[in-house]
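The primary structure of each chain is shown beneath.
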Amino acid sequence: MNILDKIVINKKREVQAAKKRTSYTKLEESDLFQRDCYSFKQFLLDPLRTGIIAEFKRKSPSKGIINDKVSVKAVTNGYAEAGASALSVLTDRDFFMGKKADLLAARQANTIPVLRKDFMIDEYQVIEAKSLGADIILLIAAILTPDEIQTLASLAKSLDLNVLLEVHNLEELERSINPNLDAIGVNNRNLADFTVSVETSYRLAEHIPAEFLKISESAISNPETIKQLKLAGFNGFLIGENFMKQADPGQAMLDFVKEL
């Protein structure tokens, strides 16, 4: 059993417990549930922004604690001021030290799209994401069947949420594409063994249909890499650890952006 399998087993238990604590009706009564979501495409393609989806992440299974000394508000404000096109906020508690309250805090402190970064396996989590103020949800092809992706993506679109599908290889990409997606993210990190290679993005770029935004995720630590990925057709670049490992992640992003 790899780490991804363990995360999914744990997530199933977590979701069942959440359903007992908070009903669907209660989630739908959230003030944030009624808000109009920001357009992921509009912000990602805005020439005045960087295309960077900047991530708030305290911990990862592969690296342990990355940075648990900073606040969500300070970091995400710094990211937004540095030109982030969107924010990614981890809400998985057990493996990434994330909190649902982090998503709420990021939403309340910023006026750019926010991605709920989690392991989505149930419609409840989509409703929950909307109630917490998310604009974008992540669907990971490695843990979902094509039918599950279709169901979750369709629900998300009915709620005005943007949908980012994450793939790791051509097989996942080909079996998972459907019209309810807004963007295809290529994760350069193998979630089974956590090795990383940006070559994964270059290999899959030409196979992603033109109607979807193209996002490269992980293994981006050099501005030159973004320049090359843009030439390959990518619109967005998810970066977390490279900024979060610094004492001031917002300043780290600002310094990075100056070299773009």
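Heads up: the structure comes first, above all this text.
Residues numbered from 1 in each chain as written. Predicted model: local features only at pLDDT ≥ 70, side-chain atom pairs only at ≥ 80, totals over all residues. Heavy atoms only, no water.

Asks: Residues and numbers for the overall build of the chain, please.
Replies: Within the chain, the regular secondary structure consists of 13 helices and 10 strands. Compactness check: the chain gives a C-alpha radius of gyration of 17 Å against a globular reference of 18 Å for 260 residues, within 12% of the reference. Projected onto its principal axes, the C-alpha positions of the chain cover 50 × 40 × 35 Å. Counting over 260 residues, the chain shows a buried share of 58%. Counting only contacts in the chain whose residues sit at least 6 apart along the sequence, the fraction spanning at least 24 positions is 68%. (Helix = DSSP H or I, 4+ residues; strand = E, 2+ residues; numbered from the N terminus. Rg over C-alpha atoms; globule rule 2.2 N^0.38 Å. Buried < 20%, exposed > 50% of the residue type's maximum accessible area, 1.4 Å probe, protein only. Contact = heavy atoms within 4.5 Å.)

Asks: Describe the packing of helix α4 (residues 72–81) against helix α13 (residues 249–257), and please don't skip the residues or the numbers.
Replies: At their nearest, the axes of α4 and α13 sit 7 Å apart, and the two run at 15° to each other. By the angle between their axes, α4 is roughly parallel relative to α13. Relative to α13, the crossing made by α4 is right-handed. Where α4 abuts α13, its residues Val75, Gly78 and Tyr79 lie against Pro249, Gly250 and Met253. Taken together, the residues of the contact of α4 with α13 sort by class into 4 nonpolar, 2 polar and no charged. (Axes fitted to C-alpha atoms, helices over the stretch in contact; angles between N-to-C directions. Parallel < 35°, antiparallel > 145°, perpendicular 65-115°, else oblique. Left-handed = near helix turned anticlockwise from the far one by under 90°. Nonpolar A, V, L, I, M, F, W, Y, C, P; charged D, E, K, R; others polar.)

Asks: Hey, could you go over the nonpolar core for me, with residue numbers and the actual values?
Replies: Ranked by internal contacts, the top residues of the largest apolar core, which has 88 residues, are Phe40, Ile52, Tyr79, Val126, Ile137, Leu139 and Met253. In terms of residue count, helix α1 (residues 3–21) provides more of this core than any other element does, 6 residues in total. The contact partners of Met253, leaving out residues within four places of it in the chain, are Thr50, Ile52, Ala54, Tyr79, Ala82, Gly83, Ala84 and Phe243. (Core = buried A, V, L, I, M, F, W, Y, C linked by side-chain atoms within 4.5 Å.)

Asks: Explain unusual backbone geometry to me, using residue names and the numbers behind them.
Replies: Phi is positive for Met97, which is not a glycine, with a value near 60°. Positionally, Met97 belongs in the loop between α5 (93–96) and α6 (100–109). We note that Ser218 has phi near 75°; this positive angle belongs to a residue other than glycine. Counting through the fold element by element, Ser218 comes out in the loop between β9 (213–217) and α11 (223–231).

Asks: Please give an account of the pairing of strand β5 (residues 114–117) that cites residues and values.
Replies: Within a regular beta strand, the side chains point alternately toward one face of the sheet and then the other, so they alternate between its two faces. Neither face of β5 is open: one carries Val114 and Arg116, the other Leu115 and Lys117, and all of them are buried. By the bridge criterion, 4 bridges tie strand β4 (residues 86–90) to β5 in an arrangement that is parallel. Bridged to Leu90 within β5 is Lys117. Pairing between β5 and strand β6 (residues 136–140): 2 bridges, direction parallel. By the bridge assignment, Arg116 is partnered in β6 with Ile137. Considered for its hand, the β-α-β crossover made up of β5, helix α7 (residues 123–131) and β6 is right-handed. (Pairing = 2+ DSSP bridges. Right-handed = clockwise from strand over helix to strand, strands pointing away.)

Asks: Summarise the pairing of β6; cite the residues concerned and give the values.
Replies: Burial analysis of β6 places 5 of its 5 residues in the buried class, which makes it a mostly covered element. Covered by surrounding structure in β6 are Ile136, Leu138 and Ile140 together with Ile137 and Leu139, the residues of both alternating faces. In this structure, β6 lies alongside strand β7 (residues 162–167), joined through 5 bridges in parallel fashion. Residue Ile137 lies in a different strand from β7, and its bridge partner there is Val163. Regarding the hand of the β-α-β motif, the stretch spanning β6, helix α8 (residues 146–158) and β7 is right-handed.

Treat this as a map of the structure, not an account of what it does.
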